[in-house]
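Tertiary structure, described
Spelled out, the chains give:
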Amino acid sequence: TIGKCAFYFNSFKNIRVPFQTKILGELAFSSCTCLKAVEVLSENVEIKNFCFFNCKSLMLIAFPNSQRLSFTAEAYSMIPDDTAIFLLPGAMFYIS
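Residues take numbers from 1 onward in each chain, read along the sequence in its written order. The predicted nature of this model means local features are confined to residues of pLDDT at least 70 and side-chain atom pairs, given and counted, to a pLDDT of 80 or more, with totals for whole chains, interfaces and linings taken over all residues. Side-chain calculation: all heavy atoms of the structure are included, whereas hydrogens and water are not.

Thoughts on the sheet that holds strand β2 (residues 23–24)
- Read from one edge to the other, the open sheet built from four strands follows the order β2-β4-β6-β8, with strand pairing classed as parallel. Both outer strands of the open sheet, β2 and β8 (92–95), are each paired with one neighbouring strand and no more.
- If DSSP finds at least two bridges between two strands, the strands pair. Secondary structure is summarised from DSSP: a helix means a run of H or I of at least four residues, a strand means a run of E of at least two, and numbering begins at the N terminus for each. Pairing of β2 with strand β4 (residues 44–47) involves two bridges; the strand directions are parallel. Residue pairing for β4: Ile23 is matched across the bridge by Glu46.

Topic: the sheet that holds strand β1 (residues 14–17)
- The sheet built from four strands is open, its strands ordered β1-β3-β5-β7 with parallel pairing. Of all the strands in the sheet, the pair left with one neighbour each is β1 and β7 (84–87). Taking each pair of neighbouring strands and ignoring which way they run, the sheet shows an average axis angle of 10°.
- Inspection of the sheet shows strand β3 (residues 37–40) paired to strand β5 (residues 60–63) by three bridges, in the parallel sense. The residue bridging Val38 from the neighbouring strand is Ile61, located in β5. Here an axis means a line fitted to C-alpha atoms, over the contact stretch when the element is a helix, while the angle between two N-to-C directions is reported on a 0 to 180 degree scale.

Some remarks on the environment of Pro18
- Along the chain, the position of Pro18 falls in the loop between β1 and β2.
- Along the backbone, Pro18 and Lys56 are 38 residues apart, and their C-alpha atoms lie at a distance of 23 Å.
- When near neighbours in sequence (up to four residues on either side) are disregarded, Pro18 contacts Leu41 and Ser42. It only takes one pair of heavy atoms within 4.5 Å for two residues to be counted as in contact.

Section: the nonpolar core
- Nine residue types can take part in a nonpolar core, namely buried Ala, Val, Leu, Ile, Met, Phe, Trp, Tyr and Cys, and a core is a set of them joined through side-chain atoms within 4.5 Å. Exposure categories follow from relative accessible area, calculated using a 1.4 Å probe and restricted to protein chains: below 20% of the type maximum is buried, above 50% is exposed, and the middle band is partly exposed. Ranked by internal contacts, the top residues of the largest apolar core, which has 23 residues, are Leu24, Phe29, Ile47, Phe52 and Tyr76.
- Sequence-distant contacts of Tyr76, that is, excluding residues within four places in its chain, are made with Ile47, Phe52, Ile61, Phe63, Phe71 and Ile85.

Observations regarding the side chain of Asn54
- Relative to the elements of secondary structure, Asn54 occurs in the loop between β4 and β5.
- Once residues lying within four places of it in the same chain are set aside, the contact partners of Asn54 are Ser31, Cys32, Thr33, Ser77 and Met78.

Some details on the pairing of β5
- With four bridges connecting them, β5 and β7 associate as parallel partners. Within β7, the position partnered with Phe63 by the bridge is Leu87.

What to know about a nonpolar patch on the surface
- Patches here are clusters of residues that have more than 30% relative accessible area and form no salt bridge, with a 9 Å joining cutoff for like charges and a 5 Å cutoff for nonpolar side chains (Val, Leu, Ile, Met, Phe, Trp, Tyr). Under the convention used here, a 1.4 Å probe and the Shrake-Rupley method define accessible areas, while residue burial counts only the protein chains that appear. Put simply, a salt bridge is a Lys or Arg side-chain nitrogen that is within 4 Å of an Asp or Glu carboxyl oxygen. A contiguous nonpolar patch, built from Met59, Leu60 and Phe86 and spanning about 280 Å² of accessible area, is present on the exposed surface.
- Mapping Leu60 onto the fold places it in strand β5.
- Of the residues examined, Leu60 reaches a relative accessible area of 34% and is grouped as partly exposed.

Here you go:
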């Protein structure tokens, strides 16, 4: 688990989330305005409210191993409209 506000307002440009991570907490990467790309290696992951809130430079969120993805409608609030989200074909995703 990556906890609530874990990397709030950090200057990371790229992040690779380890395979064993199952939850990305509320506001975990909020206001990381330099963040451009996130790769989440987990097969099953839950993304909480406002996880990527205000990540103004975010261009890509990739889930290359995902089988099941669960997220709230607010998980991606205030990111650029053209941010690409990559999932495996056939991956299940749930919006709560």
